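Chain by chain, the residues:
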Amino acid sequence: MTPGLTLQTYEDGERNAMSDAMDVMVRAFDPAFGEAWTLPQLAGVMTMPGTWLTIARIDAAPVGFALVRSVLDECELLLLAVSPLWRGRGIGEDLLLDSLRTARKRGITSMNLEVRASNTAIRLYEKAGFEYVHRRPGYYRGNDGQLHDALSFRIDMLR
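Our subject in this report is the structure included herewith. (Residues numbered from 1 in each chain as written. Predicted model: local features only at pLDDT ≥ 70, side-chain atom pairs only at ≥ 80, totals over all residues. Heavy atoms only, no water.)

### Looking at the overall build of the protein
Rule in force here: Secondary structure elements follow DSSP: runs of H or I of four or more residues count as helices, runs of E of two or more count as strands, with numbering from the N terminus. With the radius of gyration taken over C-alpha atoms, the globule rule is written as 2.2 Å times the number of residues to the power 0.38. Classification of residues uses two cut-offs on accessible area relative to the type maximum, computed with a 1.4 Å probe and protein chains only: under 20% is buried, over 50% is exposed, and between them is partly exposed. By definition in these notes, contact holds between two residues if any of their heavy atoms fall within 4.5 Å. Note on areas: Shrake-Rupley with a 1.4 Å probe; residue coverage comes only from the protein chains shown.
Secondary structure summary: the protein contains 4 helices and 7 strands in total. Helices and strands appear in the protein in the N-to-C order β-α-α-β-β-β-α-β-α-β-β. At 15 Å, the protein has a C-alpha radius of gyration in line with the 15 Å of a compact globule built from 159 residues. Projected onto its principal axes, the C-alpha positions of the protein cover 40 × 35 × 30 Å. Counting the 159 residues in the protein, one finds 45% classified as buried. Contacts in the protein between residues far apart in sequence, at least 24 positions, make up 62% of those at least 6 positions apart. For the protein, the accessible surface area stands at approximately 8400 Å², while carbon and sulfur atoms represent 51% of it.

Pasting the structure below:
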């Protein structure tokens, strides 16, 4: 794990944790793509059963987060973000691997995710063992109206 990094997981829609995630989100997501969520969107998902939010902190300051939602024995990585100043230090990988460990402890057998086809995080997902499933042409619409393909990935955690 990244030196000095702590990970804390929340399931109950804890307001401070959501605020920390929003703090990271506004810095981490390029506004051109329109991928950042609003606080009401995040709060709405946090009320759903099987959802957990993990905040990555260094010296108590939020530097990243992962949001996962599970249904029965499957889950989806909804969001993973690291503040730009902290990228390239293994924090995203720590969050992803922690999310996979948490899922396994909960009896979840597979994790899915969708990502914009041009997102550099694809390398991280493939390194962790996610496999490409399919492409959704024009799935995302950027704030400029431009369409971007989404790629779906899945990892079978029973292997």
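There's more to say after this.
### Section: the packing of aromatic side chains
Remark: the centre distance and the inter-plane angle together describe each pair of aromatic rings, the angle taken between the planes. Rule in force here: For Phe, Tyr and Trp, rings pair up if their centres lie within 6.5 Å, where Trp contributes its six-membered ring, and each pair is then called stacked (planes under 30 degrees apart), edge-to-face (over 60) or tilted (otherwise). For a Lys NZ or an Arg CZ to count as sitting over a ring, it must be within 6 Å of the ring centre and within 35 degrees of the ring normal.
Per the stated rule, a full pass over the model turns up 3 aromatic pairs. Between Tyr125 and Phe130, the ring centres sit 6.0 Å apart and the planes meet at 70 degrees, which makes this aromatic pair edge-to-face. Across the pair, exposure class does not vary: Tyr125 and Phe130 are buried alike. An angle of 75 degrees between the planes, with centres 6.0 Å apart, marks the rings of Tyr132 and Phe153 as edge-to-face. Taken as a pair, Tyr132 in strand 6 (residues 131-141) and Phe153 in strand 7 (residues 147-156) lie far apart in primary sequence, 21 residues in all. When its relative accessible area of 2% is taken as the criterion, Phe153 is described as buried. The residue whose ring lies beneath Arg106 is Trp52, and the NZ or CZ to ring-centre distance is 4.3 Å. Directly above the aromatic system of Phe33 lies the positively charged group of Arg116, at a separation of 3.5 Å from the ring centroid.

### So, the sheet that holds strand 3 (residues 61-71)
Pairing between sheet strands relies on hydrogen bonds along the backbone, with the strands arranged either parallel or antiparallel. Keep this limit in mind: DSSP calls a pair of strands paired once it identifies at least 2 bridges connecting them. Axes, fitted as lines to C-alpha atoms, cover a helix only where it is in contact. Angles between the N-to-C directions of the axes lie from 0 to 180 degrees.
If you trace the 7 strands from one edge of the open sheet to the other, you get 1-2-3-4-5-7-6, paired in mixed fashion. Taken across any chain shown, the strands that pair with only one partner, and hence form the sheet edges, are strand 1 (5-10) and strand 6. Strand-to-strand, the axes of this sheet are offset by a mean angle of 25 degrees, without reference to chain direction. Where helix 1 (residues 15-28) meets the sheet, it contacts strand 1, strand 2 (51-58), strand 3 and strand 4 (74-82), and its direction lies at approximately 105 degrees from that of strand 3.

### Focus: unusual backbone geometry
A positive phi angle is found at Asp59, which is not glycine, with a value near 50 degrees. With respect to the element layout, Asp59 can be found in the loop between strand 2 and strand 3. By relative accessible area, which is 74% here, Asp59 ends up exposed. Even without a glycine there, the phi angle at Leu72 is positive, about 55 degrees. In this structure, Leu72 sits in the loop between strand 3 and strand 4.

### Looking at the environment of Met25
By secondary structure assignment, the location of Met25 is in helix 1. Between the C-alpha atoms of Met25 and Gly44, which are 19 residues apart in sequence, the distance is 16 Å. Not counting residues up to four positions away in its chain, the partners in contact with Met25 are Ala36, Trp37, Phe65 and Leu79.

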